Amino acid sequence: AALDAARVMVAADTAAAYINICGANAAIKLAQAQIATHEQSVALVARRVARGSVSSLELAQSKALLERTRATLFPMEADRKRSLFSLAALQGQAPAEADMLRIGCTAIPTVKATIPVGDGAALIARRPDIREAQSRLLAATARIGVAAADFYPRISLGGSAGLIGGGFDAILTPLISWSFINQ
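An account of the accompanying structure is given in this report. Just so we're clear, the structure is a prediction, and the values are computed from it rather than from any experiment.

### Points about the pattern of salt bridges
Thought 1: Counted by the stated rule, this structure contains four salt bridges.
Thought 2: We note a salt bridge from Glu-132 to Arg-136, for which the minimum N-O separation is 2.7 Å. In this pair, Glu-132 and Arg-136 are both assigned in helix H4 (residues 128–149), four residues apart and thus about one turn of the helix distant.
Thought 3: The network of salt bridges with shared partners includes Glu-39, Glu-67 and Arg-70.

### Looking at the environment of Met-76
Thought 1: Inspection of the secondary structure puts Met-76 in helix H2 (residues 56–90).
Thought 2: Its relative accessible area of 22% is what places Met-76 among the partly exposed residues.
Thought 3: In the structure, Met-76 is positioned 50 residues away from Ala-26 in sequence and 9.7 Å away in space, judged by C-alpha atoms.
Thought 4: Not counting chain neighbours up to four residues away, the residues in contact with Met-76 comprise Ala-24, Ala-27, Ile-28 and Ala-31.

### What to know about the side chain of Ser-62
Thought 1: Tracing the chain through its elements places Ser-62 in helix H2.
Thought 2: Sequence-distant contacts of Ser-62, that is, excluding residues within four places in its chain, are made with Ser-41, Val-42 and Val-45.

### Structural notes on the packing of helix H1 (residues 2–51) against H2
Thought 1: Interhelical geometry of H1 versus H2 gives an angle of 165 degrees and a closest axis separation of 8 Å. One element, H1, and the other, H2, form an angle in the roughly antiparallel class. You can see that H1 and H2 cross each other, and the crossing is left-handed.
Thought 2: For the contact of H1 with H2, the per-class residue count stands at 20 nonpolar, twelve polar and seven charged.

Parameters at a glance
Residues numbered from 1 in each chain as written. Predicted model: local features only at pLDDT ≥ 70, side-chain atom pairs only at ≥ 80, totals over all residues. Heavy atoms only, no water. Salt bridge = Lys/Arg side-chain N within 4 Å of Asp/Glu carboxyl O. Helix = DSSP H or I, 4+ residues; strand = E, 2+ residues; numbered from the N terminus. Buried < 20%, exposed > 50% of the residue type's maximum accessible area, 1.4 Å probe, protein only. Contact = heavy atoms within 4.5 Å. Axes fitted to C-alpha atoms, helices over the stretch in contact; angles between N-to-C directions. Parallel < 35°, antiparallel > 145°, perpendicular 65-115°, else oblique. Left-handed = near helix turned anticlockwise from the far one by under 90°. Nonpolar A, V, L, I, M, F, W, Y, C, P; charged D, E, K, R; others polar.

Okay, structure coming up:
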């Protein structure tokens, strides 16, 4: 059950890393399109300033907006790199090999159909974390039973056989051992 839980965790983390990469790629693509639009806007405002139809303040504001948009690109690229490192680690690769992963998705994947899970009891019975917890509970219950049995005396049979006084003799006796409560 613990192995199954680890497998589910790796699969879920792999899917999450892939989705994060796709989302970061989409955000980077959008930010790059916004940067291109702001660059065109700066060029347009610069021509208008040269003709004297607008003040240089508008050009400064347009440039500031362009730089703010460019600044948003770096955290998005860092998120993409972090997700690539996670995906590489989940695949058993070193983080340095993350650059070799070519994931070009530019849209977050969507679920096309719902996954049939059956009834709730069957779903819970299939969950590895529930099965692991159930196994731990059964083991703890067994340990309680062993500890409770220690409160009662143990009876076992012991025997000896041998030659005594020239004749063969055998003795069978009960042995009682009892561990008293130690507080």
